[in-house]
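Secondary and tertiary structure notes
Residues per chain, in single letters:
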Amino acid sequence: MAATIRFLLGLLGGGIAAYLLASILNSQFVMNAHDVPISFGDRFNMTMFDISNMGLYLVIILAAFLIAFLIAAILKRFLPKLSNIAYPIAGAAAIGTALGLMYIMFQTVPISGARSTLGFISQVVAGAFGGWVFGKIILRGKAKRSYG
């Protein structure tokens, strides 16, 4: 039961971390695409607007992470050398796959900051960061149990 709760907390923590970074990066890529000077205040306001209004992207990230992290947990048993990087790789793959599926479904990427190559890569990096946070939360609970 404790492992399930730790997994769910890790999923939520990693998902929120990835969402926040992805939303911030999305905002910056969208504003930079217009090639006009934008004040810091306007950048901040748009970034906060995106964070507060892209909730469906958080749901997509959480669903993608759930599948990816379950697969990574299984693969870690067979490939123990991947143990330290399994979740960041899974997080990156989850975001890349989700964006690819969105493109297949809609013939465009609804996350407009991810329409360029660099923007897409930034979203994948946000996924890797979320996977890293997930791994830290999961491993922190195991370390306490092992030594405490």
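This text gives an overview of the structure that appears in the document. Because the structure is a prediction, the values reported are computed rather than measured.

1. A short note on the environment of Ala 92
The topology assignment puts Ala 92 in helix α4 (residues 86-106). With residues near it in sequence (within four places) discarded, Ala 92 still touches Val 124, Gly 127 and Ala 128.

2. Topic: a nonpolar patch on the surface
Residues Leu 66, Ile 67, Leu 70, Ile 71, Ile 74, Leu 75, Phe 78, Leu 79, Leu 82, Ile 85 and Ile 89 make up a contiguous nonpolar surface patch of roughly 1,000 Å² in combined accessible area. For the nonpolar patch, the leading source of residues is helix α3 (residues 55-78), giving seven residues. Of note, Ile 67 is situated in helix α3. On the basis of relative accessible area, Ile 67 is assigned to the exposed category, the value being 54%.

3. Description of the packing of aromatic side chains
Centre-to-centre distance and the angle between the planes together describe a pair of aromatic rings. All chains considered together, the criterion is met by seven aromatic pairs. Seen from their ring centres, Phe 69 and Phe 134 are 4.1 Å apart, and the 20° between their planes marks the pair as stacked. Remark: Phe 134 occurs in helix α5 (residues 117-147) and Phe 69 occurs in helix α3; sequence separation between them is 65 residues. Take Phe 69: its relative accessible area is 0%, and that puts it in the buried class. Their ring planes at 25° and their centres at 5.9 Å tell us that Phe 129 and Trp 132 sit as a pair that is stacked. One end of the pair is Phe 129 and the other is Trp 132, both in helix α5 and three residues apart, which spans about a single turn. An aromatic cluster is defined as three or more aromatic residues linked by ring pairs; in this entry it consists of Phe 7, Phe 65, Phe 69, Tyr 87 and Phe 134.

4. Structural notes on the nonpolar core
Of all hydrophobic cores here, the largest spans 28 residues; its most connected members are Tyr 57, Ile 61, Phe 65, Phe 69, Leu 99, Ile 111 and Phe 134. Put simply, the parts of the chain that give this core at least two residues each are α1 (2-33), α3, α4 and α5. It is α4 that contributes the most residues to this core, eight residues altogether. Beyond its immediate stretch of four places on either side in the chain, Ile 61 contacts Gly 15, Ala 18, Tyr 19 and Ile 95.

Cut-offs used in this document
- Sequence order as written defines residue numbering, which begins from 1 separately in each chain.
- Reporting of local features is limited, given that this is a predicted model, to residues whose pLDDT is at least 70; pairs of side-chain atoms are given and counted only at 80 or more, and all residues count toward the totals for whole chains, interfaces and linings.
- As a rule here, side-chain values cover all heavy atoms of the structure and leave hydrogens and water aside.
- Under the scheme used here, helices are H or I runs from DSSP no shorter than 4 residues and strands are E runs no shorter than 2 residues, and both carry numbers assigned from the N terminus.
- In this analysis, two residues are considered to be in contact whenever any of their non-hydrogen atoms come within 4.5 Å of each other.
- Put simply, a patch holds well-exposed residues, over 30% relative accessible area, that have no salt bridge, with like charges counted together within 9 Å and Val, Leu, Ile, Met, Phe, Trp or Tyr side chains within 5 Å.
- Calculation of accessible area relied on Shrake-Rupley with a 1.4 Å probe; when residues are assessed, cover is drawn exclusively from the protein chains displayed.
- What makes a salt bridge here is a side-chain nitrogen of Lys or Arg within 4 Å of a carboxyl oxygen of Asp or Glu, nothing more.
- Think of it in three bands: with a 1.4 Å probe and only protein chains considered, a residue is buried below 20% of the maximum accessible area for its type, exposed above 50%, and partly exposed in between.
- Two rings belonging to Phe, Tyr or Trp (six-membered ring only in the last case) form a pair when the distance between their centres is within 6.5 Å. Interplanar angles under 30 degrees mark stacking, angles over 60 mark edge-to-face geometry, and anything in between is tilted.
- Put simply, buried Ala, Val, Leu, Ile, Met, Phe, Trp, Tyr and Cys residues joined by side-chain atoms within 4.5 Å make one nonpolar core.

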